[in-house]
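Here's the letter readout for the chains.
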Amino acid sequence: MIKCHLKYENLEAELTELEDVLKNSLQNEVLTIKQLNKGSEKYNYVNENVRNIEDAEYVIFSTYMNENYHESEQFLFLDKKGKIVATISGREMDLYDMIKDCENLVETKF
């Protein structure tokens, strides 16, 4: 039996309510997950002026989205258990200056 590479060792343990299709897409590096930097000015602006994302801890987005199609992209905001709490389009915002690497997810070592 061939074992597939998994990007994160503890994804299922950390994000217990994450939908299977999102788990699979993250593990196969089709989608990317980042943690929100709640201390950033950009996060505070988005939370107050674009959409309330106070319960969000993470954001999932496309790994391979061409910047020409940024406006069509959808950002999925997740709570600490992986439940989707908001979806915001690239038309409404970008993620620059409000995300960081996930501190609790352990990447699998080859």
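You'll find the structure just up there.
Residues numbered from 1 in each chain as written. Predicted model: local features only at pLDDT ≥ 70, side-chain atom pairs only at ≥ 80, totals over all residues. Heavy atoms only, no water.

## Some details on the pattern of salt bridges
1) Next: For the structure on display, the rule yields eight salt bridges.
2) Next: The salt bridge partner of Glu12 is Lys23, with a shortest N-O separation of 3.9 Å. Separated by 11 residues along the polypeptide, Glu12 in helix H1 (residues 11-14) and Lys23 in helix H2 (residues 20-27) bring together distant segments of the chain.
3) Next: Here Lys23 falls in the buried class, since its relative accessible area comes to 13%.
4) Next: Between Lys34 and Asp101 there is a salt bridge, with its nearest N and O atoms 2.5 Å apart. Here Lys34, found in strand S1 (residues 31-36), pairs with Asp101, found in the segment after strand S5 (99-100); they are 67 residues apart in sequence, far enough to count as distant.
5) Next: Lys34 sits in the partly exposed class, given a relative accessible area of 21%.
6) Next: The exposure class of Asp101 is exposed, given its relative accessible area of 53%. (Salt bridge = Lys/Arg side-chain N within 4 Å of Asp/Glu carboxyl O. Helix = DSSP H or I, 4+ residues; strand = E, 2+ residues; numbered from the N terminus. Buried < 20%, exposed > 50% of the residue type's maximum accessible area, 1.4 Å probe, protein only.)

## Quick look at the pairing of strand S4 (residues 84-89)
1) Next: Looking at chain direction, strand S3 (residues 74-78) and S4 are connected through five bridges and run antiparallel. The residue bridging Gln74 from the neighbouring strand is Ser89, located in S4.
2) Next: Connecting S3 to the antiparallel partner S4 that follows it, the hairpin turn spans five residues, and Gly82 within it adopts a positive phi of roughly 100 degrees. (Pairing = 2+ DSSP bridges.)

## A look at the sheet that holds S3
1) Next: The strand order across the open sheet built from five strands is S4-S3-S2-S1-S5, with neighbouring strands paired in antiparallel fashion. Across the chains shown, the open sheet's two edge strands, defined by having one partner strand only, are S4 and S5.
2) Next: Pairing analysis gives five bridges linking S1 to strand S2 (residues 58-62), with the strands arranged antiparallel. Directly across from Gln35, in S2, lies its bridge partner Tyr58.
3) Next: Packing against the sheet, H2 makes contact with S1, S2, S3 and S4, and its axis sits at approximately 100 degrees to S1. (Contact = heavy atoms within 4.5 Å. Axes fitted to C-alpha atoms, helices over the stretch in contact; angles between N-to-C directions.)

## Let's talk about the layout of surface pockets
1) Next: Roughly 280 Å³ of volume is contained in the largest pocket.
2) Next: Split by residue class, the lining of the largest pocket holds six nonpolar, four polar and two charged.
3) Next: Here the second largest pocket is characterised by a volume of approximately 200 Å³.
4) Next: Along its surface, the second largest pocket is lined by 13 residues, and Lys7, Tyr8, Ile33, Lys34 and Glu107 are the ones closest to its centre.
5) Next: If one sorts the elements of the lining of the second largest pocket by residue count, S1 sits on top with four residues.
6) Next: Residues belonging to the lining of the second largest pocket are distributed by class as follows: six nonpolar, two polar and five charged. (1 Å grid on protein atoms, 1.4 Å probe; cavity = no way out; pocket = protein on both sides within 12 Å on 5 of 7 lines; lining within 4 Å. Points joined across faces, edges and corners; volume = space filled by probe spheres on them. Nonpolar A, V, L, I, M, F, W, Y, C, P; charged D, E, K, R; others polar.)

## A closer look at unusual backbone geometry
Among all residues save glycine, negative phi is the norm, and among peptide bonds the norm is trans.
1) Next: Phi angles above zero are rare outside glycine, and Glu29 is one such case at about 60 degrees.
2) Next: Structurally, the position occupied by Glu29 is in the loop between H2 and S1.
3) Next: You can call Glu29 partly exposed: its relative accessible area is 32%.
4) Next: In the Ramachandran plot, Asp97 falls in the positive-phi region, its phi being about 70 degrees despite a non-glycine side chain.

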